[in-house]
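Spelled out from the first residue to the last, the chains are:
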Amino acid sequence: DKAPLSKSLLLVPSAISILLTLLFQHYQKFFAYNLQAVKEDFQIWRLVCGRTICLDLKDTFCSSLLIYNFRIFERRYGSRKFSSFLLGAWMLSALFDLLLVEVTQYIFGITINSLPSGFLGPVFALFVPFYSSIPRVQVTQVLGHFSITNKSLVYILGLQLLTSGSYIWILALSGLISGICYNSSILKVHRILCVPRWVAKIFSWTLEPVFSSAEPTNEVRVGMGATVDIQRQQRMELLDRQIMMSQVAQMRRQRQQQGGMINWNRLFPPLRHRHNANYQDHRPSEQGIPPPTEVSEEQVARLMEMGFSRGDALEALRASNNDLNVATNFLLQH
């Protein structure tokens, strides 16, 4: 949802790649990223065909998964800005591909006539905003030392794609350099290499209805997180709050059915008047006060999410011996 460009990049090149591999193998030569033909025979069209469709199904699979994970940028910035980044990275990476091939031949004496084909330069360029703008959230630890985060799978996919060919490191390096150049506020590349507004409107009228998806209706609408894991965590937290409020409402109904037999003021002193001078004067002596109960910070955070202050949450949890339901019910009634 809200990522038609990512959906089109996920479906169309993958479908063409599968068809070229299984049914139309004799047409694969037109999609080869042949640098020698570009430089010597001026076949500029190969820069378009050879840098759009993957001829290796493993590269197709890895790049499709990466585009699926990077769709968060289209949702965050909009389709026009996302397409401008891909266009700028695609054009810059084509230039850096030629430069890196020449540098490799000049330094190491290695002649490179062709590179792996596919939409790989912009895919590697997307790692730059992914690294700089997506927050790192630890999920678990392996062997107590190695942290697994919400970004680990994406980096593993990028490493798998990097090791799929002998010269794919040139595409990866040119993609990263182009991503850095496009994101740089000094070079101002994003002001030059951008999709015009009228072009974005044309594609919005023609192609967006084809690749747009309906918004899911069976999920609760919550604020959109930076990653899929954060969005899932937000839904879980919202569900927890709903369950907690349901339990509080149930306890409240039970108390009303019992005719108000539970006297909360008898169990706890009024929190709203804990700073009252009369209450301060009648507090028991410090010698008779038991040591304060250790309060769970997670439960304090849950009460604060419901709108209570930290001080009220701490005192309610200490008085109820860390019983979240009792503390919540008490705070709602006082």
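Per chain, residues are indexed from 1 in the order of the written sequence. Reporting of local features is limited, given that this is a predicted model, to residues whose pLDDT is at least 70; pairs of side-chain atoms are given and counted only at 80 or more, and all residues count toward the totals for whole chains, interfaces and linings. Where side-chain values are given, they derive from all heavy atoms of the structure, hydrogens and water being excluded.

## As for the packing of aromatic side chains
So, step 1. Under the pairing criterion, centres of Phe, Tyr and Trp rings, with the six-membered ring standing for Trp, must be within 6.5 Å; the plane angle then separates stacked pairs below 30 degrees from edge-to-face pairs above 60, leaving the rest tilted. Overall, the coordinates contain 11 aromatic pairs when judged by the stated rule.
So, step 2. Measuring from ring centre to ring centre gives 6.2 Å for Phe24 and Tyr27, while their planes differ by 55°; the resulting arrangement is tilted.
So, step 3. By relative accessible area, Phe24 is classed as partly exposed at 37%.
So, step 4. Taking the relative accessible area as the measure of exposure, Tyr27 reaches 39% and is therefore partly exposed.
So, step 5. One residue, Arg71, lies across the ring of Tyr68, its end atom 3.9 Å from the ring centre.
So, step 6. Cation over ring: Lys81 sits above Tyr77, and NZ or CZ is 4.7 Å from the ring centre. Type-normalised accessible area, obtained with a 1.4 Å probe on protein chains alone, sets the label of each residue: buried when under 20%, exposed when over 50%, and partly exposed for intermediate values. Sitting over a ring, as applied to charges here, requires NZ of Lys or CZ of Arg to be within 6 Å of the ring centre and within 35 degrees of the ring normal.

## So, the UniProt feature "transmembrane region" (unreviewed entry) in the chain
So, step 1. UniProt positions are given in the numbering used here, feature names are shortened, and annotations may be inferred rather than shown by experiment. Within this structure's numbering, the places UniProt gives as "transmembrane region" (unreviewed entry) are residues 6-24, 82-100, 106-132 and 153-177.
So, step 2. The way it works is that DSSP assigns letters per residue, a run of H or I at least four long becomes a helix, a run of E at least two long becomes a strand, and they are numbered from the N terminus. Helix makes up 89% of residues 6-24 and strand 0%, with an end-to-end C-alpha separation of 25 Å.
So, step 3. Strand forms 0% of residues 153-177 and helix 80%; the C-alpha atoms that close the span are 22 Å apart.

## Some remarks on the pattern of salt bridges
So, step 1. By convention in these notes, a salt bridge is any Lys or Arg side-chain nitrogen within 4 Å of a carboxyl oxygen on Asp or Glu. Scanning all chains against the criterion turns up three salt bridges.
So, step 2. For the salt bridge of Lys39 with Glu102, the shortest nitrogen-to-oxygen distance reads 3.2 Å. Taken together, the residues Lys39 in helix H2 (residues 35-40) and Glu102 in helix H6 (residues 79-108) connect sequence positions 63 residues apart.
So, step 3. Residue Arg51 pairs with Asp97 through a salt bridge whose shortest N-O separation is 3.5 Å. Here Arg51, found in the loop between helix H3 (45-49) and helix H4 (57-69), pairs with Asp97, found in helix H6; they are 46 residues apart in sequence, far enough to count as distant.
So, step 4. With a relative accessible area of 2%, Arg51 lands in the buried category.
So, step 5. Given the relative accessible area of 0%, Asp97 is considered buried.

## A short note on empty space enclosed by the protein
So, step 1. Here the term cavity refers to a set of points on a 1 Å grid, laid over the protein atoms alone, in which a 1.4 Å probe fits but cannot get out; the term pocket refers to an open set having protein on both sides within 12 Å along at least five of seven lines, with lining residues being those that place an atom within 4 Å of a point. Grid points are joined across faces, edges and corners, and a volume is the space filled by probe spheres set on the points. Going through the model one piece at a time under the given rule, you end up with three cavities of 30 Å³ or more.
So, step 2. Taken as a whole, the largest cavity spans an internal volume of roughly 80 Å³.
So, step 3. Every residue lining the largest cavity is listed: Leu9, Pro13, Ser14, Ser17, Thr52, Cys54, Thr60, Ser63, Ser64, Ile67 and Phe119.
So, step 4. Residues are grouped as follows: Ala, Val, Leu, Ile, Met, Phe, Trp, Tyr, Cys and Pro are nonpolar; Asp, Glu, Lys and Arg are charged; every other residue, Gly included, is polar. Per-class residue counts for the lining of the largest cavity are five nonpolar, six polar and no charged.
So, step 5. Along its surface, the second largest cavity is lined by Tyr33, Arg51, Asp97, Pro116, Gly118, Leu120, Gly121 and Leu171.
So, step 6. Class assignment for the residues of the lining of the second largest cavity results in four nonpolar, two polar and two charged.

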